[in-house]
Amino acid sequence: MSDRIIVKALKRLPIDNEREITLRIFRFNAEFDALPSYQDFTLKISRSQTLLDALNSVKSGADASLAYRRSCRHGICGSCAVFVENQAVLACKANLFELADRYGDTLRIDPLDKSLAIKDLIVDKTRFWESYRAVKPWLEASVGDAPKSENLIAPAATERLDGADACVECGACFYGCPVVAANGDFLGPAALAKAYRFVADIRDQNAPDRLRFIDRVKAGAWDCVKCYKCREACPKEVSPIDKILRLREMGFERGVNSDSVASRHAKSFKNSAFKSGRLDEAASVIESLGIFGALRHMREAFAMLRRGKLPIGAGKIDRLDEVRKLIKSASRKERL
Ligand code: FES
């Protein structure tokens, strides 16, 4: 069959350019409502429409009281972030046909955090912005009062930012993070990714202070539990978890890591693997928690011993040199 005939055959295929969907939207007004509810809006959509287009249609045609944030309509301001079927999206970039293909013709639309809803899809982002401000999200460089030129950065140097500058502060990662929900002091993935953005910027002159700030116990990079929820939630593919892990490494490289349980555990883990190719759990607990801290875990230690889970007398593994090579290549030597 020639290419032309294929094109003709394709042209005869019916192409659905319209379909009917239902938006099941979270409704709540903190001023008047005791409990939230969901309200369904059914509408015809075209192939090119975004979720924001549909919300605008609902607001202008069916219910002018519907509240949601939006500004740029180009995925830049981050204000329109909501959850669709538990997945964070920027409403202005989320194609409705694609969402309906993935989740079906009824789509549940929720605010980023239902417990913080002020009105419908609008949430109180005070804590998010406080965390963001706390990491000083601006360049700290001495450029003088009247610089004669812009403080430019070479394209190759921007690679160190690893896409952290693409963050639009939508808050999707922050409200999807279980540590943020459990620990009121935790800075959260967005603020930590922003801290990384400036630590990695060769023009910034405050990297040691920034690293010390995000190293604080209960608040900083070592309190991340590596659940990867922030990576799943981010609609701009910033992957905050990668930046958080890099911040930990940078702290070691700069010698500014505090002597916390988490950082001691990381060091002990690496040393143990380097020494024997095995994870020495007993040494790791003692090195992380200290002798007295380790005594609290004696029951677990005996249980592990009984089940042969402590590599006592196990010695070094074969081909330890291969493991050491891997550890060395994974420990980046790049200095800021
Ligand atoms: S309206 Fe600005 S990111 Fe969607």
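Residues numbered from 1 in each chain as written. Predicted model: local features only at pLDDT ≥ 70, side-chain atom pairs only at ≥ 80, totals over all residues. Heavy atoms only, no water.

Some thoughts on the packing of aromatic side chains
In total, this model carries eight aromatic pairs according to the counting rule given. Judged by centre distance (5.6 Å) and plane angle (75°), the rings of tryptophan 222 and phenylalanine 252 are edge-to-face. You can see tryptophan 222 sitting in the loop between α9 (207–213) and α10 (229–233) and its partner phenylalanine 252 sitting in helix α11 (residues 240–254), a full 30 residues away along the chain. What makes phenylalanine 252 partly exposed here is its relative accessible area of 32%. Put simply, the rings of Phe128, Trp129, Tyr132, Phe174 and Tyr175 pair up and form one aromatic cluster. (Phe/Tyr/Trp six-rings, centres within 6.5 Å; stacked < 30°, edge-to-face > 60°. Helix = DSSP H or I, 4+ residues; strand = E, 2+ residues; numbered from the N terminus. Buried < 20%, exposed > 50% of the residue type's maximum accessible area, 1.4 Å probe, protein only.)

Considering the packing of helix α12 (residues 261–276) against helix α13 (residues 281–295)
Packed helices, taken two at a time, are described by their axes: the angle between them and the distance between them. With their axes 8 Å apart at the nearest point, α12 and α13 run at an angle of 150° to one another. When the axes of α12 and α13 are compared, the pair comes out roughly antiparallel. The chirality of how α12 crosses α13 is right-handed. Facing α12, whose interface residues are Val261, Arg264, His265 and Ser268, α13 presents Ala283, Ser284, Glu287, Ser288 and Leu289. Grouping the amino acids of the contact of α12 with α13 by side-chain chemistry returns three nonpolar, four polar and two charged. (Axes fitted to C-alpha atoms, helices over the stretch in contact; angles between N-to-C directions. Parallel < 35°, antiparallel > 145°, perpendicular 65-115°, else oblique. Left-handed = near helix turned anticlockwise from the far one by under 90°. Contact = heavy atoms within 4.5 Å. Nonpolar A, V, L, I, M, F, W, Y, C, P; charged D, E, K, R; others polar.)

Quick notes on helix α3 (residues 96–103)
All of the buried residues in α3 are Leu96, Phe97, Leu99 and Ala100. The buried residues of α3 all sit within an arc of 160° when viewed along its axis, so they share a single face. Relative to its buried face, α3 has exposed residues pointing more than 90 degrees away, namely Glu98, Asp101 and Arg102. Against β1 (18–27), β2 (37–46), α2 (51–62), β3 (81–84) and β5 (106–110) lie the buried residues of α3. Two to three positions downstream of the cap, the backbone nitrogen of phenylalanine 97 sits 3.0 Å from a side-chain oxygen, assigning the N-cap of α3 to asparagine 95. The first or second residue beyond α3 is glycine 104, which carries a positive phi of 100°. (Arc of directions from axis to C-beta. Polar contact = N/O pair within 3.5 Å; in protein donor to acceptor, adjacent residues only side chain to side chain.)

Section: a nonpolar patch on the surface
On the surface, a nonpolar cluster with roughly 720 Å² of combined accessible area is contributed by Ile286, Ile291, Phe292, Leu295, Met298, Phe302 and Leu305. Put simply, the parts of the chain that give the nonpolar patch at least two residues each are α13 and α14 (298–306). Among the elements that make up the nonpolar patch, the one with the highest residue count is α13 (four residues). Positionally, isoleucine 291 belongs in helix α13. On the accessibility criterion, isoleucine 291 (54% relative accessible area) is exposed. (Patch = residues over 30% accessible without salt bridge, like charges linked within 9 Å, V, L, I, M, F, W, Y side chains within 5 Å. Areas by Shrake-Rupley, 256 points an atom, 1.4 Å probe, with all protein chains shown as cover. Salt bridge = Lys/Arg side-chain N within 4 Å of Asp/Glu carboxyl O.)

Let's talk about the domain arrangement of the protein chain
In terms of domain boundaries, the protein chain breaks down into domain 1 (15–123), domain 2 (126–143 + 154–254) and domain 3 (261–330). Taking only C-alpha atoms into account, the centre of domain 1 sits 49 Å from that of domain 3. (Domains from an automatic or database assignment.)

Notes on the nonpolar core
Formed by 70 residues in total, the largest nonpolar core has its most connected members in Leu23, Leu51, Leu55, Leu96, Ile109, Ile214 and Leu247. If one sorts the elements of this core by residue count, helix α8 (residues 189–199) sits on top with six residues. Residues lining this core come from more than one domain, with at least three contributed by each of domain 1 (15–123) and domain 2 (126–143 + 154–254). In this structure, leucine 55 is in contact with Leu23, Ile25, Leu66, Tyr68, Ala91 and Leu121, ignoring residues within four places of it in sequence. (Core = buried A, V, L, I, M, F, W, Y, C linked by side-chain atoms within 4.5 Å.)

Comments concerning the sheet that holds β2
One open sheet holds the five strands; their spatial order is β2-β1-β5-β3-β4, and the pairing between them is mixed. The open sheet has two edge strands, β2 and β4 (87–90), and neither has a second partner. The average undirected angle you get between the axes of adjacent strands in this sheet is 35°. Direction of pairing for β1 relative to β5: parallel, over a ladder of four bridges. Bridged to arginine 24 within β5 is arginine 108. Relative to the sheet, α2 contacts β1, β2, β3, β4 and β5, its axis offset from that of β1 by approximately 75°. Relative to β1, α3 is tilted by about 80°, and along the sheet it contacts β1, β2, β3, β4 and β5. (Pairing = 2+ DSSP bridges.)

Some points on the pairing of β3
On β3, burial covers both faces: Ala81 and Phe83 on one face and Val82 and Val84 on the other are all buried. The sheet contact formed by β3 and β4 spans four bridges and is antiparallel. Bridge assignment links valine 82 to a residue of β4, and that residue is valine 89. Between β3 and β4, which pair antiparallel one after the other, the connecting turn spans two residues, and glutamate 85 there sits at a positive phi close to 50°. In the sheet, β3 pairs with β5 via two bridges, with the strands oriented antiparallel. Each bridged residue has a counterpart across the sheet, and for valine 84 the counterpart in β5 is isoleucine 109.

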